[in-house]
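Structural overview for review
Single-letter residue listing:
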Amino acid sequence: MLPSDLLVARRRGDRIIPGYAELGGSSLELASQIIELYSEALGLKKHELNVKLSELEEWTTDYRFVRGLATLLDRRCQMQTKTSVSPTDLRRLIFQASAERGLPTSEEERKLIVARVSKETGLNINEIEEAFYGDLDDEMIVANFDAPDPIMLLREYNMGITQTLLFNASEMSFTVSDNWQNIFKHIKWLGLIYTVAKEDANYQVKIDGPTSLFKLSRRYGTSMAKLLPHIVSKGSWRIQAKIVSPTGKNLLNFELDSTRHGYYIKGLSNGEERSFDSSVEEDFAVSFDSLKTGWKLVREPGPLPVGHHVMLPDFLIQRGGLRVYLEIVGFWTNDYLVDKLRKLEAVKDVDLIVAVDRRLACKVSSKRLEHLSLIYYKNKVPLKPILTHLEKKEKTLTEKEAETIVGTELKLTASVVEMDEIAGLLGVSTESVKVAAENISIPGYLRQGDLYVQKTFLEKIDNAIQSRLTSERLSFGQAVKLIESLGGKNPSTILEILGYRTIWRGINPELAEIVGRNTEPAKG
Amino acid sequence: MNNLSYDKGSITIRGETGTPYGKWDPRIGAYRAMALDYHEIRMYLDRSQIPYRDDTPNIPAMPVLHSQIRLRSYQREALSAWLRAGRRGVIVLPTGSGKTHIALQAIQTLNETTLIVVPTVDLVDQWRRQLVDQFSIDVGILGGGEEDIKPITVSTYDSACLRAEQLGNRFMFIVFDEVHHLPAPTYSQIAEMYIAPFRMGLTATYEREDGAHRDLPRLMGGKVYELEVDQLIGHHLSNYSYEKVLIELKPQEQEDYDREYSTFTNYLKRNGITMRSATDFQRFIMRTGRDTDARKALVARNKALRIFFNSESKIEALGSYLKKFSGERSLVFTRYNELVYNISRRFLIPAITHQTPKEERREILERFRKGAYNAIVTSQVLDEGIDVPEASVGFILGGSGSSREYVQRLGRILRKKEGKEAKLFEFIAKETVETRISQRRHR
């Protein structure tokens, strides 16, 4: 953030565009120069450094750019008073001496007073003059300077003027691909209000504040500026804001997106983004994954709309089309809980498991949350009730689907069809087809286990095998090749349907012999 | 049943009934109203016999206040006018007429949790002291890095505004000292986001140049009492004299001034710019961002102004005046901090600017009151309300063209003291635009 008077921005019709620094050319040169100026200023007084900066200002096109960079660099300086005595104490002595002796109107009279203070303190005249106002900002010494990379400085500058522009924002909306958890926690902390609308595949989040309802207000601009670094720190993002013009009469549009501006603007690095305590979530993820249930666990899967609001569940557990969300409600403040419960009450059409810290049990009225699956935990989220829930979910789904496909008549053309393919055709799970198999009719096909085979195709294979068997022996391996050459799949199941048996003599399929339905295997 | 509750500077109304003050807020699915309307909403619901539950105020326990305040006749009149007006509105009295006492009496009469909002950290300190002296209670402080909320708390405008979301439902009574600050876009939010039904404004200068004082009736009630300086002079306030001291710049100064100032005026002429109002100047400032010549013209103008504000001739003249009045207590006002420190170093008199540490500032004022120091030099920080009745001589070495500033500075040395004859001197450089700035001040 930079002071408002250093904001550089252009208006184009009803749009406003900050004067972003290019990360090269003369901007980069200037940035390097100023950094050098600061590096060389170690030991100098602030006002001496200021003189050099104003020289630099003289020949640059926009002095605000120089001052903006200098403001950022000031924050990287450590300033120190030069003197060892306390200027406040020294001043008291001087003013007292002057008041007692009478106001000095000539240089000589002044010297007498300073000499008296010199005698009292043991400091020499120079030391006194030096320490007199040695604690003023301008008199402080640059003691340390943490020089940034010039490109980084320019990116910080671009972030800085964007934030400064947002000071005057009346509302802001954005879409992001990442960092939801952090962004929403900050929206809350900053006292902003948001509403969410779905736009294509994205959620468009609009933020303003409680009193924005009554009139155009810049009150929340600073909070929006503080939110900005969290929005632009990860993934792809797009921001739109309404900026109140200096006269307060017009609204200007401001737009920013990751493809065009991501490179120019510094967001927060991973280290700078505050991380939240999530050991309970961590533990759960590790133990769930180690079970290898076949369900996929997704952490922080993104927002789940609840009316105008969103929930940000901790986990999504999915398998095929099945989606179960898990929200872990830890031991938080009462306000947080009340808000969370209000949202949870509004969750509909979503399978949500809510794991509640046992210490909160008394505060959570389970009646209002009947539609959700509530489990309690202490220290660790138990896996068993969650797995039971998932199994039940799978079973219920199967039964429901099976009901919907009972009595279906299906027309197939392929010679061999597996049950998975049937499930695909009906748009249900294989499990459901299995349950309903007796009640699905597929004319002209026979079913064996998970396989459906066309009757005419079976006859063709049977004839082929019969004709081979009358003349010679047929090994299992040969039978498989024969079936496959006719376009069949799953040869052993087909042989089983046709009533052939296989006599195994070891594990070599070439030594395994096919025997006819009514014949004994040939001896020797 | 309707439910009123406080939500970050506003009031939410949940339930079947709306009120004429609320607005439907689709974001939360409830009615929302400005905290400013709290009192009206309650009155409306009561009058209409609509049942409701009110969770809005979050009021700490209030001690019973005792004190021995003696009001002067006009102070009593002012207070009762305010009470009659429904415990709302602005009292306009000249600086030095004891507005603080009226507020203290009002605080005791209402005996409600109170927030006192003042423009500067110095005033926070001054009010706190008076409240402690008067009521012998702990007083909360908000501002200048402190945040300690008590049933009676003193805050700066800045902090009261910044913390409105959190504090807006903690006080039933708000006193705005120097209330002419309130009707500005930012500070008016204090009036809008706090629920306090009882509101008192105090000022010597009700009218604002931008006309924004017309919003005061909505924010806190309009003018309920007014007395002008002339009505109190001699009786309750000191007599004063004003003298303009014309200073001739040193030849080198005059030469530098003429050169720099003509760079500025030449630029204006070349570009056909006229400067008649603050907006004209604002427009010119905007130009400086993209036009290097405009920037140079501005730099030259600022240099020229600095020459007469900081003129050596003026400093010399000040020296001899200070010497002449060394038996009295003097205040010196300048426009820039730079000059404050020059004068402080040159004449070895204490300085107060926004950079002066709080403790030291307190100490300087204390010693000045007691007579250990007889002069203070300051820029604009002492413009308002700081109580230094001992001061009897004022020197203006350069200020803005605002007439309010002039009145306020005059007020510093008009504090009532027996037999005091106050004197105000304004040092103006001849042959410069300063003569014009000064005229604007006395308009």
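Procedures and definitions
Residues numbered from 1 in each chain as written. Chains lettered and ligands numbered in written order. Predicted model: local features only at pLDDT ≥ 70, side-chain atom pairs only at ≥ 80, totals over all residues. Heavy atoms only, no water. Helix = DSSP H or I, 4+ residues; strand = E, 2+ residues; numbered from the N terminus. Rg over C-alpha atoms; globule rule 2.2 N^0.38 Å. Buried < 20%, exposed > 50% of the residue type's maximum accessible area, 1.4 Å probe, protein only. Contact = heavy atoms within 4.5 Å. Areas by Shrake-Rupley, 256 points an atom, 1.4 Å probe, with all protein chains shown as cover. Lys, Arg positive; Asp, Glu negative; His and termini not counted. Charge placed at Lys NZ, Arg CZ, Asp CG, Glu CD. Pairing = 2+ DSSP bridges. Axes fitted to C-alpha atoms, helices over the stretch in contact; angles between N-to-C directions. Salt bridge = Lys/Arg side-chain N within 4 Å of Asp/Glu carboxyl O. Expected span 1.5 Å × (residues − 1). Arc of directions from axis to C-beta. Buried area = accessible area lost by both parts, 1.4 Å probe. Nonpolar A, V, L, I, M, F, W, Y, C, P; charged D, E, K, R; others polar.

Scanning chain A from terminus to terminus reveals 18 helices and 21 strands. Computed over C-alpha atoms, the radius of gyration of chain A comes to 39 Å, more than 25% over the 24 Å expected from 2.2 N^0.38 for 524 residues, which places it beyond the range of a compact globule. When the backbone C-alpha atoms are referred to their principal axes, chain A occupies close to 140 × 55 × 55 Å. Within chain A, the proportion of its 524 residues that are buried is 47%. Once local pairs closer than 6 in sequence are excluded, the contacts in chain A between residues at least 24 apart make up 65%. With the model as given, the accessible surface of chain A reaches about 26900 Å², and the carbon-plus-sulfur share is 49%. Computed over 69 positive and 72 negative side-chain charges, the inter-centroid distance for chain A is 5 Å.

Summing up its helical and strand segments, chain B has 17 helices and 19 strands in all. Counting the 443 residues in chain B, one finds 57% classified as buried. Within chain B, residue pairs in contact and separated by at least 24 positions form 72% of the contacts whose partners lie at least 6 positions apart. Carbon and sulfur atoms make up 47% of the accessible area of chain B, which amounts to about 18600 Å² in all.

Within the secondary structure layout, B:Glu360 lies in helix α15 (residues 358-370). Residue classification places B:Glu360 among the buried positions, given a relative accessible area of 7%.

This part covers the sheet that holds strand β19 (residues 451-454) of chain A. Residue and element names in this part refer to chain A. Strand order in the open sheet formed by three strands is β17-β19-β18, and the pairing between neighbours is antiparallel. Whereas interior strands pair on both sides, the edge strands pair on one side only; in this sheet they are β17 (416-418) and β18 (445-448). Pairwise comparison of adjacent strand axes, ignoring direction, gives a mean angle of 25 degrees for this sheet. Examined bridge by bridge, β17 and β19 share three bridges and lie antiparallel to one another. Opposite Val 417, over in β19, you have Tyr 452 as the bridge partner. Here helix α14 (residues 419-426) sits on the sheet and contacts β17, β18 and β19; the angle it forms with β17, its principal contact strand, is near 70 degrees. Packing of helix α16 (residues 455-471) onto the sheet brings it into contact with β17, β18 and β19, and relative to β19 it is tilted by some 75 degrees.

This brings us to the sheet that holds strand β13 (residues 315-319) of chain A. Residues and elements named next belong to chain A. In spatial order, the strands read β10-β13-β14-β15-β16; together these five strands make up an open sheet with mixed pairing. Edge positions in the open sheet fall to β10 (296-299) and β16 (373-377), since each of these has one partner strand only. Pairs of neighbouring strands in the sheet enclose a mean axial angle of 25 degrees, with direction left out of account. Pairing of strand β15 (residues 352-357) with β16, which is carried by five bridges, proceeds in the parallel orientation. What sits directly across from Val 354, in β16, is Leu 374. Docked against the sheet, helix α11 (residues 279-290) engages β10, β13, β14 (322-329) and β16, running at close to 160 degrees with respect to β10. Across the sheet, helix α13 (residues 384-405) lies against β13, β14, β15 and β16, angled at about 155 degrees from β14, the strand it touches most.

Under the defined criterion, the tally for this structure stands at 56 salt bridges over all chains. We note a salt bridge from A:Asp351 to A:Lys393, for which the minimum N-O separation is 3.0 Å. Of this pair, A:Asp351 sits in the loop between α12 (334-346) and β15 while A:Lys393 sits in helix α13, and the two are 42 residues apart along the sequence. Looking at A:Lys393, the relative accessible area reads 23%, which means it is partly exposed. A:Glu421 is the salt-bridge partner of A:Lys489, the closest N and O atoms lying 3.3 Å from each other. Separated by 68 residues along the polypeptide, A:Lys489 in the loop between α17 (476-485) and α18 (491-498) and A:Glu421 in helix α14 bring together distant segments of the chain. The partly exposed category is assigned to A:Lys489, whose relative accessible area is 34%. One continuous salt-bridge network, built from bridges that share partners, spans A:Asp208, B:Asp7, B:Lys8, B:Asp25, B:Arg27 and B:Arg32.

Residues and elements named next belong to chain A. For helix α1 (residues 25-40), with 16 residues, the first-to-last C-alpha span of 23 Å sits near the 22 Å given by 1.5 Å per residue. Ser 27, Leu 30, Ala 31, Ile 34, Ile 35, Leu 37 and Tyr 38 are the residues of α1 that are buried. In an axial view of α1, the angular spread of the buried residues amounts to 155 degrees, which keeps them on one side of the axis. Counted as exposed and oriented over 90 degrees from the buried face of α1: Gly 25, Ser 26, Glu 29 and Glu 40.

It is common to report an interface's size as the accessible area lost on association of the parts. Facing 44 residues of chain A, the contacting portion of chain B comprises 43 residues. Taken together, both faces of the contact between chain A and chain B bury some 3800 Å²; the carbon and sulfur share is 53%. For the interface between chain A and chain B, the tally reads seven salt bridges. Measuring nitrogen to oxygen at the nearest pair gives 3.4 Å for the salt bridge that ties B:Arg295 to A:Glu57. Those elements that provide at least two residues to the side of chain A that touches chain B are α3 (63-74), α4 (87-101), α5 (107-121), α6 (125-132) and β6 (193-199) of chain A. Tallying contributions element by element places α4(A) first for the side of chain A that touches chain B, with eight residues. Residue composition of the side of chain A that touches chain B, grouped by class: 16 nonpolar, 14 polar and 14 charged.

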